[in-house]
Structure formats: structure tokens, C-alpha cells
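# Secondary and tertiary structure notes
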Amino acid sequence: MAPTKWPRSGSAAPHEAAQRDEEQRLRELGYQPVLARRMGHFGNFAISFSVISVLSGCMTLYGFGLGTGGPAVMLWGWIGVGLFVLFVGLALAEVTSAYPTSGALYYMADRLGGRKWGWYTGWLNLLGLLGAIAGIDYGAALFTGAVLNLQWGFDPTPESTMLIFVAILLVHATLNLFGVRLVSVLNSISVWWHLAGVALIVIVLTVVPDHHQSADFVFTEFVNDTGWDNPLYVTAIGLLLAQYTFSGYDASAHLSEETSHASVSAARGIVRAIWVSWIAGFVLLAGLTFAIQDYAGAQNSSTGVPPAQIMLDALGNTGAVLLLLVVIVAQLFCGNAEVAAASRMVFAFSRDGALPGSGLWRRVSARTQTPVHAVWLSVAVACLLALPSLYSETAYGAVTAINVIGITPAYAIPIYLRLRAGDRFEPGPWHLGRWSRPVGWIAVCWVAVVTVLFCLPQSRPVTVDSMNYAVIALAVVLTLATVWWYVARRSYGTPAAYGTAREQAEIAEDIV
């Protein structure tokens, strides 16, 4: 089969021609288009930016950062982690441009390394995406409980927080059933909400309080409440705040089958989402840290959310509630975008026969061209992942670690395989040229380092409550993936090319 003649990324090809090129490219990759291609380049960037969501990740793990290195690690760690994540994003964007499918990471790994590479990459990616839904929406539930506590004296117990969490999941599932156009519109709004929200929070926290911390405190104060004595070790595990926030940018790749000119738009969406979030997140963390009035009080806040206490001390009850509402809406945008990305991963993985019950999860609504069953499965599994939070205060940290430990290695695998392929890799219209190999190796090395770091215990003494369960979750998923491989290996596989009568019949059966 002759390769597609791609227009140059800077050319002004008509929209219809570009879309036909993308659908032809998808067929060459083995898939008949069944999802609605209604998302533009800004919408594709917006979904990754919304999933990264500095107003979700930075705010929900801010309390973790206060005790794990303190201000110095939070601020400098953000700068350092952001730089390395940008390398990962650049390398991943290059491979995304060559393989713009909903399967994204696992499809890339399959094509570049073989079926087993694709299989394990897919399971890691799926674990990370589902863990991200749980972490994001449970974080939104915690902040909602904090607002209710400030406004009406509501007691945010684990049971009440879980009920709020389930309600948020149901809202996100419902919104995702209306089709990708609504998802795209909400994500576009989300971009401006996040940027305006960060600006508002920082300006208010700068102007209103009479007292601010010094620059020396914000950039050099080191706090260690972990129980570990080695400051380098504490600094390393303190990077979780930044690394957790800088995840989920593969959403642009997962929505590529619904994006116009995806071979360029999805690649640019990944990179743009990272660098814009890098800047916005630094401004937010700095603004929040300068505004700390009582460090210990923020750590032990009755609201259960340290940023809420910082706002309360600096602005009073009304001001704190209003700013927290801005944060909660941003978190809801973030969770909605993550459900969209995860459901496309479920759909794609099922389309290739990898999941139990694949025939159900790959079905697409004829009316909305949305994988309805995949949406419901995504939120149901996310709910199950968060259930241990009813019994353990450390469970939320475990969920965020599951997200990082699942999705971060999955980013590196297709990058490594692209490097190994050398000249056999045929780049898409968006590529790094001669910078491809150095950027790729920096990305792979960084992912290897953080994968080890985030399996380490985060506090001492290590008990049942304080243990880092990420390594156990990783082992369980890899074990289940290995066992299931021997069951599903005959049914799993990415197609070489689309077009047989049998494939056409199967696609038609899946559109319901």
C-alpha cells in the first residue's frame, strides 16, 4: 500500500480535503472510521489541557507537597519536572503524528514493537486513565466537601465524600453520552476557565491579604514531615505533585479519530497543553504559597483541604468559598475530559479484542457516534478504584500513585520503540527531525527514573495505612494482563489494513 501524501503542516489545505486524508490514513492503519470527526485543533489541545488541569492536580496534592519537601520542592520541582515532561510530550507527539488512532499508545507500541508490546502498553495506559478519573473526581468531591464545610458547617466524612464522588461520576458519564461536539465545547470553555481562574486566584491572593511570605521562604523553605531523614529522598518523592499533574496529555491522541487534521492537531495539542500548563501551574503554586498565613494550620485544616484553609486565612469565609468554587468547576471540567479520553481507550482496546466483553465495550451509538458502553465502564471502574477511601485516609494518595505508575511508563514504551526502530519509523507530518533521537532518549530516561521513584514508600514508618500501594497495583495489573493474554491472545490484534468483507460486517454490527 502506498503511503498517504500528507499536506505540509503549515499548508492551508481545505478542511474537507484534510479530513478525507485523515480518514484515508485511518483506513491505512486498519480501521474504518466510525466516530464523529467534529473536534478542531483548539478542541484537541483543550482536552489535554483540561486533563492536565493545574487547578485539579496542583490543588488536590498541595497538602502532600507541604509535608514532602515543602515550598522549595513544590516550586523548583514544578520547574524541573515540567521541563522533562515537555521532552516526553515532544517525543510522544512525533509518534502520535504517525499513528493518529484512538488506541494511541498501545497501537503505537503494537506497530513498532509487536503484539506483546502493544498488549502490556494498553493495560498500563488503561490503568492510568481509569486511575486518573478516580483521582480527579474524588479530588473534586473533597473540595466540594470543603466548600460545604465553610459555608454550612457540613462534616466531610468519608461516606459523604464518596456520595459526592459518585454523583460527579454520574454527571460526567451523562455529559459524555451527548457526543464529542459537546465534549469539545466544554473543553474549549475549560481552557479559558482555567487560565482566568489561575489569574483570579493569584491576583486576589496577592492584593487582599496584608501579610505574604518572603521570596526566600517560597523558594528555599524545605519541610520534611515524611519520617525519612534523607533530604534527597524526600525531594525525589515530593516530585509526585508535579508528575501527577503533568499526566493525561495523551488525551489528544485518544481523541485523534474525532479530530480534524489529527496528524498535526493531536501532536500540537499534546505539546501545547504541556507548556501552557507548565507556565500556569508555576504561577498558581507561587501565588498560593506566598499567601500562606499559618503553615501548620493549613496542613491540619478542618476542611481537609489545605488550599481551602490558605484562602480562608487570607481572604475570610466568603472570599475562600468563591475561589474554591472556581477550583471545583475547573476540576469538573478536568474529570469530564478524562472520562472522554478513558472511554476512547476502552473503545479502541475492545475494538482490537483485548478486554473481557470486548464486543459490548466497542459498540458505538448510531445517533451520537459515541462509545456509550465504554463511557459507563470507565466511570464504574473509577468508582471501584476509589472505594478504599471509605476505610483508609491514605487511599486517595494510592489512587493518584496508580495513575502515575500506570500512565507514565506507557508514555515511554512507544517512544523507546520508535528509537529502536530507527530509520524503519516513518514519521508523520509533525516530527522533530534531527532532534528526534536526543529528545526521545531524554524522555525515556526520565520516565525510567520517575517510575522507580513513585514505587518507593512516601512516609516512615511503613505501615498498612502509609504503604505506597502503587507497586502492588502495577504488579496486579501486569499479572492480570499476563494471565488474560493466554485467554485473549487469539482474539487480540491490531488490523493490518481495513477493507475485508468480514471487517465491514463487524463494524456495522457494532454501530447500535
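Structure: see above.
The present account deals with the structure reproduced in this document. In this text, all values refer to a predicted model and were calculated from it rather than measured experimentally.

Taken as a whole and judged by the stated rule, the model has 26 aromatic pairs. Consider the rings of Trp119 and Phe349, whose centres lie 6.3 Å apart with planes at 45°: the pair is tilted. With Trp119 in helix 7 (residues 115–152) and Phe349 in helix 16 (residues 306–351), this pair connects stretches of sequence that are 230 residues apart. For the pair formed by Trp119 and Phe349, the shared burial category is buried. Taken together, Tyr106, Trp119, Trp123, Phe349, Trp485 and Tyr492 form an aromatic cluster joined through their ring pairs. Lying across the ring of Tyr31, Arg351 places its NZ or CZ 3.7 Å from the centre.

Once that is clear, we can look at the pattern of salt bridges. For the structure shown, the criterion picks out six salt bridges. Two residues, Arg418 and Glu94, come together in a salt bridge whose shortest N-O distance is 3.2 Å. With Arg418 in helix 19 (residues 395–421) and Glu94 in helix 5 (residues 70–98), the pair connects residues that are 324 residues apart, well separated along the chain. The same class applies to Arg418 as to Glu94, namely buried. Residue Arg344 is joined to Glu258 by a salt bridge in which the shortest nitrogen-to-oxygen separation is 2.9 Å. In this pair, Arg344 sits in helix 16 while Glu258 sits in the loop between helix 13 (251–254) and helix 14 (262–290), placing the two residues 86 residues apart along the sequence.

What follows concerns helix 7. Taking 1.5 Å of rise per residue, 38 residues should cover 56 Å, and helix 7 covers 55 Å from first to last C-alpha, within 8% of that figure. Summarising burial for helix 7: 30 of the 38 residues are buried, a large majority. Positioned one or two residues after helix 7, Gly153 has a phi angle of 70°, which is positive.

Grouped together as the largest cluster of nonpolar side chains are 167 residues, with contacts concentrated most on Tyr99, Tyr249, Met311 and Phe349. A per-element tally of this core places helix 16 first, with 23 residues. When near neighbours in sequence (up to four residues on either side) are disregarded, Met311 contacts Met59, Ile201, Leu288, Gly316, Ala320, Leu323, Leu324 and Val327.

What follows deals with the packing of helix 8 (residues 158–176) against helix 18 (residues 372–386). Two measures define how a pair of helices packs: the angle their axes make with one another and the distance between the axes. Look at helix 8 against helix 18: their axes get within 9 Å of each other, and the N-to-C directions meet at 165°. Looking at the two axes, helix 8 sits roughly antiparallel to helix 18. Two packed elements cross with a definite hand, and for helix 8 against helix 18 that hand is right-handed. Contacts between helix 8 and helix 18 pair Met162, Phe165, Val166, Leu169, Leu170, Ala173 and Asn176 from the former with Val375, Trp376, Val379, Ala382, Cys383 and Ala386 from the latter. Considered class by class, the residues forming the contact of helix 8 with helix 18 number twelve nonpolar, one polar and no charged.

All right, on to the environment of Ile274 then. Structurally, Ile274 can be placed in helix 14. Residue class for Ile274 comes out buried when judged on its relative accessible area of 0%. The spacing of Ile274 and Ala421 is 147 residues in sequence and 26 Å in space, taken between C-alpha atoms. In this structure Ile274 touches Ile52, Gly82, Val85, Leu86, Gly89, Phe246 and Tyr249, once residues within four positions along its chain are discounted.

Analysis parameters
Residues numbered from 1 in each chain as written. Predicted model: local features only at pLDDT ≥ 70, side-chain atom pairs only at ≥ 80, totals over all residues. Heavy atoms only, no water. Phe/Tyr/Trp six-rings, centres within 6.5 Å; stacked < 30°, edge-to-face > 60°. Helix = DSSP H or I, 4+ residues; strand = E, 2+ residues; numbered from the N terminus. Buried < 20%, exposed > 50% of the residue type's maximum accessible area, 1.4 Å probe, protein only. Lys NZ or Arg CZ within 6 Å of the ring centre and 35° of its normal. Salt bridge = Lys/Arg side-chain N within 4 Å of Asp/Glu carboxyl O. Expected span 1.5 Å × (residues − 1). Core = buried A, V, L, I, M, F, W, Y, C linked by side-chain atoms within 4.5 Å. Contact = heavy atoms within 4.5 Å. Axes fitted to C-alpha atoms, helices over the stretch in contact; angles between N-to-C directions. Parallel < 35°, antiparallel > 145°, perpendicular 65-115°, else oblique. Left-handed = near helix turned anticlockwise from the far one by under 90°. Nonpolar A, V, L, I, M, F, W, Y, C, P; charged D, E, K, R; others polar.

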